[in-house]
Amino acid sequence: MSQSNLLFMGEIALAPMERILKNAGAERVSESAAKRFAEVVEGLAQEIGEGAAKLSKHAGRKTVKREDIRLAKKL
């Protein structure tokens, strides 16, 4: 998969997934690996986002703040 490839998997583009894996030490990344990594990252992001939204609502806010994300990540 080339660096300029902007294929999307759900909400996340695959090119950034490939860059993250390469920055983590991978020499090469298959398209299927980038797709699976995107699925996993998107799932984690969804869980954190839902937790942060619940925390902001519990605090009586409509706006999700940095602290909500930090706390949701720990849940």
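Along each chain, residues carry numbers from 1 onward, in the same order as the chain's sequence is written. Given that the model is predicted, a residue must reach a pLDDT of at least 70 before its local features are reported, and side-chain atom pairs must reach 80 or more before they are shown or counted; all residues, however, enter totals for whole chains, interfaces and linings. As a rule here, side-chain values come from all non-hydrogen atoms in the structure, and water together with hydrogens is ignored.

1. Some thoughts on the overall build of the chain
Of the regular secondary structure elements, the chain holds three helices and two strands. Numbering of helices and strands runs from the N terminus, with a helix taken as a DSSP run of H or I at least four residues long and a strand as a DSSP run of E at least two residues long. In sequence order, the secondary structure elements of the chain are arranged as β-β-α-α-α. In the chain, which comprises 75 residues, the proportion classed as buried is 20%. In what follows, a contact means two residues having at least one pair of non-hydrogen atoms within 4.5 Å. For the chain, the proportion of contacts with a sequence separation of at least 24, taken over those separated by at least 6, is 31%. Three labels apply to residues, based on accessible area from a 1.4 Å probe with only protein chains included: buried if under 20% of the type maximum, exposed if over 50%, partly exposed otherwise in between.

2. As for the side chain of Ser56
Structurally, Ser56 is set in helix H2 (residues 31–58). Contact partners of Ser56, with chain neighbours within four places excluded, come to Arg61, Thr63, Val64 and Asp68.

3. What about the environment of Lys65?
Among the secondary structure elements, Lys65 is positioned in the loop between H2 and helix H3 (66–74). Note: C-alpha distance between Lys65 and Leu55 (ten residues apart in sequence) is 9.4 Å.

4. Re helix H1 (residues 14–23)
Each α-helix turn comprises 3.6 residues. Residues three or four places apart therefore point the same way. Taken residue by residue, H1 has Leu14, Ala15, Met17 and Glu18 as its buried positions. Projected down its long axis, H1 carries its buried residues within an arc of 160°, all on one side. Immediately downstream of H1, the backbone of Gly25 shows phi near 120°, a positive value. What the arc covers is the set of directions going from the helix axis to the C-beta atoms.

5. Considering the packing of H2 against H3
Note on geometry: axes are lines fitted to C-alpha atoms, helical ones only across the stretch in contact, with angles between N-to-C directions running from 0 to 180 degrees. Their axes nearest at 8 Å, the elements H2 and H3 cross at an angle of 125°. When the axis of H2 is compared with that of H3, the two are oblique. Considering the relative orientation of H2 and H3, their crossing is right-handed. Where H2 approaches H3, its residues Ile48, Gly51, Ala52, Leu55 and Ser56 are matched on the opposing element by Asp68, Ile69, Leu71, Ala72 and Lys73. For this classification, Asp, Glu, Lys and Arg are treated as charged, while Ala, Val, Leu, Ile, Met, Phe, Trp, Tyr, Cys and Pro are nonpolar and the rest, including Gly, are polar. A breakdown of the residues in the contact of H2 with H3 according to their chemical character gives six nonpolar, two polar and two charged. The scheme is simple: roughly parallel for angles under 35 degrees, roughly antiparallel for over 145, roughly perpendicular for 65 to 115, oblique for anything else. Rotating anticlockwise by less than a right angle from the far helix to the near helix defines a left-handed crossing, while the corresponding clockwise rotation defines a right-handed one.

6. Digging into the pattern of salt bridges
Salt bridge, as applied in this entry: a Lys or Arg side-chain nitrogen positioned within 4 Å of an Asp or Glu carboxyl oxygen. Overall, the coordinates contain five salt bridges when judged by the stated rule. Glu39 is paired through a salt bridge with Arg36; the nearest N and O atoms lie 2.9 Å apart. On the criterion of helical spacing, the pair formed by Glu39 and Arg36 is a turn pair, its members being three residues apart in helix H2. The salt bridge involving Arg61 is made with Asp68; its shortest N-O contact spans 2.8 Å.

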